[in-house]
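Notes for the structure review
Listed here are the chains, written in short residue letters.
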Amino acid sequence: MGIATRDSLRDWLRAPGSLSRRLARLGERFEVQVLRQGVAPFRARERSALGLPARGLTLVREVILRVDGEPLVWARSALHQRATLGPWRALKGLGARPLGHLLYDDPRITRSELEPRRLNRHGHTRRHAARQWQAATGEAVSPQMLWSRNSVFSRSGAQLRVMELFVPDLARHRPGARRR
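Residues numbered from 1 in each chain as written. Predicted model: local features only at pLDDT ≥ 70, side-chain atom pairs only at ≥ 80, totals over all residues. Heavy atoms only, no water.

Scanning the protein from N- to C-terminus turns up five helices and seven strands. Radius of gyration (C-alpha) of the protein: 16 Å, near the 16 Å computed for a compact globule of 180 residues. Along the first, second and third principal axes, the C-alpha set of the protein runs to 45 × 35 × 30 Å. Taken over 180 residues, the protein has a buried fraction of 48%. In the protein, of all internal contacts separated by at least 6 residues, the share reaching a separation of at least 24 is 67%. Just so you have it, the protein exposes about 9,100 Å², and 50% of that area is on carbon and sulfur atoms. Here the protein holds 35 positive side-chain charges and 15 negative ones, and the gap between their average locations is 6 Å. (Helix = DSSP H or I, 4+ residues; strand = E, 2+ residues; numbered from the N terminus. Rg over C-alpha atoms; globule rule 2.2 N^0.38 Å. Buried < 20%, exposed > 50% of the residue type's maximum accessible area, 1.4 Å probe, protein only. Contact = heavy atoms within 4.5 Å. Areas by Shrake-Rupley, 256 points an atom, 1.4 Å probe, with all protein chains shown as cover. Lys, Arg positive; Asp, Glu negative; His and termini not counted. Charge placed at Lys NZ, Arg CZ, Asp CG, Glu CD.)

Here's what the structure looks like:
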């Protein structure tokens, strides 16, 4: 396997619309494996992206997106806990359904620009994702699994941050192309 670079994953890092729907076109079976959904303290990047105060709690949902059983993306969504009582209340009952269906089926929801980001291999988010990946798949995360994209969705003044971390092998597939 070659080294995954921003250029090799560019199409995925910049692909507009629902990542879940794009991934689903790669195979016969798309699934969301929920790793965790619950309340946690804010992380600095989430707090900054959501324009939130230094203190408070966030509702976090962490998942692995799989195609035909193969894990391809680790994702984390976060929003202020209060938003689950208002515009984002549907997140509480989402279960194993794709977040993308909620986000792209509602015309009142807007999305920020996609922000590609290379994670620090030894940073908190990367280490956390690696632990969850190992526990969920039984395999160590690839050392090259470093590229992510971030965006913020807004609805009725409340914001939701989504971060998606891609496996390097995804670079072999074009977004929207069918894999056989």
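The subject of this paragraph is helix H5 (residues 124-137). Along its 14 residues, H5 runs 20 Å from first to last C-alpha, staying within 8% of the 20 Å computed at 1.5 Å per residue. Within H5, burial applies to Thr125, Arg126, His128, Ala129, Ala130, Gln132 and Trp133. Just downstream of H5 lies glycine 138, where phi reads positive at about 80 degrees. (Expected span 1.5 Å × (residues − 1).)

Attention now moves to the environment of threonine 110. Relative to the assigned elements, threonine 110 resides in strand S4 (residues 110-111). Owing to a relative accessible area of 48%, threonine 110 belongs among the partly exposed residues under this scheme. Between the C-alpha atoms of threonine 110 and valine 152, which are 42 residues apart in sequence, the distance is 8.4 Å.

Right, let's get into the nonpolar core. Membership of the largest hydrophobic core comes to 27 residues, with the highest contact counts inside it found for Trp12, Leu23, Leu72, Val73, Trp74, Phe166 and Leu170. Grouped together as the second largest cluster of nonpolar side chains are 13 residues, Leu59, Leu91, Leu99 and Val162 included. (Core = buried A, V, L, I, M, F, W, Y, C linked by side-chain atoms within 4.5 Å.)

Right, let's get into the environment of leucine 52. Relative to the helices and strands, leucine 52 resides in the loop between helix H3 (44-50) and strand S2 (57-67). It is 9.5 Å that separates the C-alpha atoms of leucine 52 and leucine 79, two residues lying 27 residues apart in sequence.

Before going further, it helps to spend a moment on unusual backbone geometry. Phi at aspartate 68 takes a positive value of approximately 50 degrees, unusual for a residue other than glycine. Considering the arrangement of structural elements, one finds aspartate 68 in the loop between S2 and strand S3 (70-80). Phi at serine 156 takes a positive value of approximately 50 degrees, unusual for a residue other than glycine. Looking at the element boundaries, serine 156 is found in the loop between strand S6 (147-155) and strand S7 (158-166).

Where burial is concerned, most of S6 is hidden: eight out of the nine residues are buried. Judged from the two bridges that link them, S4 and S6 form a sheet pairing that is antiparallel. Counted as the bridge partner of arginine 111 is phenylalanine 153 from S6. Here strand S5 (residues 115-118) pairs with S6 via four bridges, running antiparallel. (Pairing = 2+ DSSP bridges.)

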